[in-house]
Amino acid sequence: MNIKEFISTKGEVINEALDKYLPQVRPEELHQAMRYSVLAGGKRLRPILTLVAAQLVGEEEEKVLPAACALELIHNYSLIHDDLPCMDDDDFRRGKKTNHKVFGQGMAVLAGDALLTYAFELLAEIDDLPAERVLLATSKLAKAAGKQGMVGGQAADLLAEGQEIDKQELKYIHTHKTGALLEAAVSMGAILGGASDEQLFALQEYAQGIGLAFQIVDDILDIEGDAEKIGKDVGSDLEQDKATFPALYGLERSKEMAAENCQRAKEAINIFGEQAEVLRKLADYIIEREY
Ligand code: GRG
């Protein structure tokens, strides 16, 4: 199985569902702004992880599609807000102008807010899976996205700008800002799919490994990546004096660390044997990716 083809095929399933979940209704400008960012491309890694984890523990992909889309909506809200002038102040994302550059700051803030709340609406309306699974998955997502998850990590990142931070703080920022949502993606698929405790534990270990590897590679791409392939300017971390893995560990050690975390992730899912091959290939893809 070719992992790039797999990502592209599953990505299409996600794209179709997102398009359906986001009809162009009133207020038009708000929905246009939401659709503009959500349907602007993106690898759809988080929702794909949810589908794959659910299937691995024996659930039909179709039933976790709303939860997978909920994750992508939250991811998109975070990107819209992260690009605002009061945060990273970026002009391009996924090769297109950022949301606030097209719709203005006010509408970009509201589009982000609406995507965040809509994600929970989609989750709460899942009625073809046991309610206790849906409740647990909802709580998982709220924690991962919130004050002690992604928003907490983003706050720590904002406070670290221009400051000297140590390796422990760097790990805190990244496991929260980026890792938490990736971990939620895998865990939610497992929880909604009815995973056993042992399966859930293994998948969480896997998710932590790929979460760190993903962020380290993101930092490396900001130095060595091709702006055209990535779809946004590179070099912004250095420019903004951001705390990154290459800044604290150097480029070579960062690459080793990405590979180590990828390996750790793959070993964590040994209990699934051959059936977890897709997850192993996704872990490899995460460290080999060019955008
Ligand atoms: C504003 C609450 C709030 C949080 C922002 C996600 C985030 C937190 C900031 C984005 C900054 C950034 C570039 C983080 C690095 C990791 C990351 C989330 C990269 C983008 O994710 P991809 O590569 O993007 O999955 P696509 O476009 O493929 O969906």
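Model, not experiment: these values are computed from the prediction. (Residues numbered from 1 in each chain as written. Predicted model: local features only at pLDDT ≥ 70, side-chain atom pairs only at ≥ 80, totals over all residues. Heavy atoms only, no water.)

The environment of the ligand is made up of 18 residues, and the closest members are Lys43, Arg46, His75, Asp82 and Arg94. Side-chain polar atom of Arg46 to an oxygen atom of the ligand: 2.8 Å apart, as the coordinates give it. Within the side chain of Arg94, an N or O atom sits 2.8 Å from an oxygen atom of the ligand. For the ligand, whose free accessible area comes to 700 Å², the fraction covered by protein is 92%. Elements supplying a minimum of two residues to the shell around the ligand: helix 4 (65-82), helix 8 (150-160), helix 9 (167-192) and helix 10 (197-224). A per-element tally of the shell around the ligand places helix 4 first, with six residues. Counted by class, the shell around the ligand contains four nonpolar, seven polar and seven charged residues. (Near = heavy atom within 4 Å. Polar contact = N/O pair within 3.5 Å; in protein donor to acceptor, adjacent residues only side chain to side chain. Areas by Shrake-Rupley, 256 points an atom, 1.4 Å probe, with all protein chains shown as cover. Helix = DSSP H or I, 4+ residues; strand = E, 2+ residues; numbered from the N terminus. Nonpolar A, V, L, I, M, F, W, Y, C, P; charged D, E, K, R; others polar.)

Moving on to unusual backbone geometry. Looking along the chain, the bond that leaves Arg26 and enters Pro27 is cis, with omega of -5°. By secondary structure assignment, the location of Pro27 is in the loop between helix 1 (3-21) and helix 2 (28-38). Positive phi values are uncommon outside glycine, yet Asp89 reaches one of about 55°. Among the structural elements, Asp89 can be located in the loop between helix 4 and strand 1 (92-93). Its relative accessible area of 43% is what places Asp89 among the partly exposed residues. Positive phi values are uncommon outside glycine, yet Arg94 reaches one of about 50°. Summarising the element assignment, Arg94 is placed in the loop between strand 1 and strand 2 (96-97). (Buried < 20%, exposed > 50% of the residue type's maximum accessible area, 1.4 Å probe, protein only.)

Functional significance is not addressed by these values, which are geometric in nature.
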